[in-house]
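# An overview of the molecular structure
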Amino acid sequence: MEKYDRNERESEQITAQNEDNASLLLLYDLLSPEERRVMEGMPLEYQDAWKKWMEEQHKQPMSLQRELLLRFFQTGMAHSRYGQRVALQRARQELSEIRACMTAYAACDYNRFYEGAYRYLIPLARLQREDIPFADNRWHEAVEQLETALVQNDIAYGLCTYQFHGLYDLQRRYAGRCRRTDVQSLLYSGIACATHKGETGEALSLYEQLSGMEDLPRLRRIGMRNRIAAAYEDRLEPEQAVVLLMQNVAELEGNNIEYGRGKPLNEAGAGIQPHHPMAENDRTESVDQAGTERDSSYGVCGSPEAVDGTEYEKMKGRTYSCLGTALIFAGRSPEDYYEKALEVFGTDEGNRHITLAHLLHYSVHLRQSDEVAARQLFWTYAPEFFQGCLDWSGLFQSVGQEVSPEEVASESARQEYATEMMASAIRQKRWNAYDLWVFLKCVSAFWMEAVTPELADWLASLTSAVYLQDANRLVYWHILRIAGKILYVYQGNQLSRQAADCYEAALEGYRQRAEQYPGRLDLVTLTGYATIMEYNHFLGLEADNSRLYAGLKRQAAECGWIRLSEGLEKGKSLDEILVFEHA
């Protein structure tokens, strides 16, 4: 029996070795003779030399396929002569993806092609130099796929933004061959991408292009206003957003929507020029996964030719919800419009969940002025929201389904509820970023006394979480900043190593983006300032904060951010200026 087992193991080893050899041959098929010689004689200790050689290759003109292959080997797969089985299996998979990317390139399957290029960090500026073939039907399909991707749960904003800029570049090259309705759809998606990145100027520039199209379907025009309202909020001009959204409400409640196409509407805020027009040198030139808070499902109205009563009601609910958000930024109460939105959405779980998230953000914001009202608002909506994003045990089921929120009145019951929420959070394998953001804000505002050592360890682990590691997105920087602040308070207002790591991880993202867009002022820049100033305060570096504050004041005046400039001149802190979902 033992001999049989030994023979079986040897047979498995021979099979594995044959698979390894086959995988290496697969790699060699895609290498030049010179690259093969380098690989065959490259011990592990000479990896730096290998990387330097690869960098030299990048200085030479090369085909896109060659560039993809070089980037593949830069991931570290080529430094081992023999490799491990796991590594080789990964190599097979990645090489298969490269081939699929090039097949998509040849077939004009644009979204799949840009997805592959995005994965391998090919700068868009590099693709703009490529003579990419064009097929109008495939471009049409890609535009439709992009719009669909922007209404899914847990949207890949970085990828969608990359695809948008790729498709936008093709539209500029082949303008005469692109359908007008597709151009409208693409610009509409572009506004969503830009507002999620906090790119206010780009969003306003796309809005100007889209609003100038007289044949724009009316529901799409209303959805466009919903989306661009977020850009005005991000620019600290919420009154402009309120004007646009009030106009939408008047139209929707007046039932004067023409299904299909309609005449152009008089735009509220017409004549307002974009502050940072989208120019050739202002487009994303490298992989930028930055995102901002708003969920892009607001303002989506589907195909221009497929407007029905259900879509009309969804648009009404989204408009109510958008208006509630704009009113908060304008210093007014949003609850009536949020409640109207929830009533319209009914059992539509996706849209309800987004509106509930806004309400919980608002409960944290309200706490600054009315602790009692904030807690009442929180307990009214928290059970439904968190039941939708956490894997609850029986305790939550009893609280969320059998017992109404009003009946969870005692502090002991709420403490037990909060403790179970903490345990459930730790059990989560992967969070939706926006739900995690809401959860941590609620912890910081309402449940600090319930933070356990286990939760503190889990918060510290977020700096190395796989789904945060490579995410150059504003929402994740918000998450890391809040995690750092919770750890700071939990340690008795002492800056622990874990809290500092959270702040440093967030600030690294802001630093990289500042290097990519030097001198730019937008929401992402402002939240970066707020994060570093909070961190400096905990470090006792108030002199540094004074210099940062003075520099931001000059920048706000130079860039025409009137509300920001006025607030800073009055001595307001950034945390006083950046409120609600900006904070």
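Residues numbered from 1 in each chain as written. Predicted model: local features only at pLDDT ≥ 70, side-chain atom pairs only at ≥ 80, totals over all residues. Heavy atoms only, no water.

## Some thoughts on the environment of Gly198
- Note that Gly198 resides in the loop between α10 (180-197) and α11 (200-211).
- Here Gly198 falls in the buried class, since its relative accessible area comes to 1%.
- Sequence spacing of Gly198 and Leu474 is 276 residues, and the spatial spacing of their C-alpha atoms is 8.2 Å. (Helix = DSSP H or I, 4+ residues; strand = E, 2+ residues; numbered from the N terminus. Buried < 20%, exposed > 50% of the residue type's maximum accessible area, 1.4 Å probe, protein only.)

## Observations concerning helix α20 (residues 433-446)
- In a regular helix each residue adds 1.5 Å, so 14 residues correspond to 20 Å; α20 covers 20 Å between its end C-alpha atoms and thus fits that length.
- Extensive coverage of α20 is indicated by the burial of 13 of its 14 residues.
- Where α20 begins, the side chain of Asn432 points an oxygen toward the backbone nitrogen of Tyr434, at a separation of 2.9 Å. (Expected span 1.5 Å × (residues − 1). Polar contact = N/O pair within 3.5 Å; in protein donor to acceptor, adjacent residues only side chain to side chain.)

## Topic: the pattern of salt bridges
- Taken as a whole and assessed by the stated rule, the structure comprises 27 salt bridges.
- Note that Glu313 and Lys316 form a salt bridge whose closest N and O atoms lie 4.0 Å from each other. You can see Glu313 and its partner Lys316 sitting in helix α14 (residues 309-329), three residues apart, about one turn around the helix.
- You can call Glu313 partly exposed: its relative accessible area is 33%.
- Three or more residues joined by partner-sharing salt bridges are found here, namely Asp109, Arg112, Arg138 and Glu141. (Salt bridge = Lys/Arg side-chain N within 4 Å of Asp/Glu carboxyl O.)

## Examining unusual backbone geometry
- Positive phi, close to 60°, is recorded for Asn493, a residue that is not glycine.
- Locating Asn493 in the fold gives a position in the loop between α23 (474-490) and α24 (497-516).
- One non-glycine residue, Phe580, lies in positive phi territory at about 60°.
- Locating Phe580 in the fold gives a position in the segment after α28 (574-577).
- Phe580 sits in the buried class, given a relative accessible area of 3%.

Function cannot be inferred from these measures alone, as they are strictly geometric.
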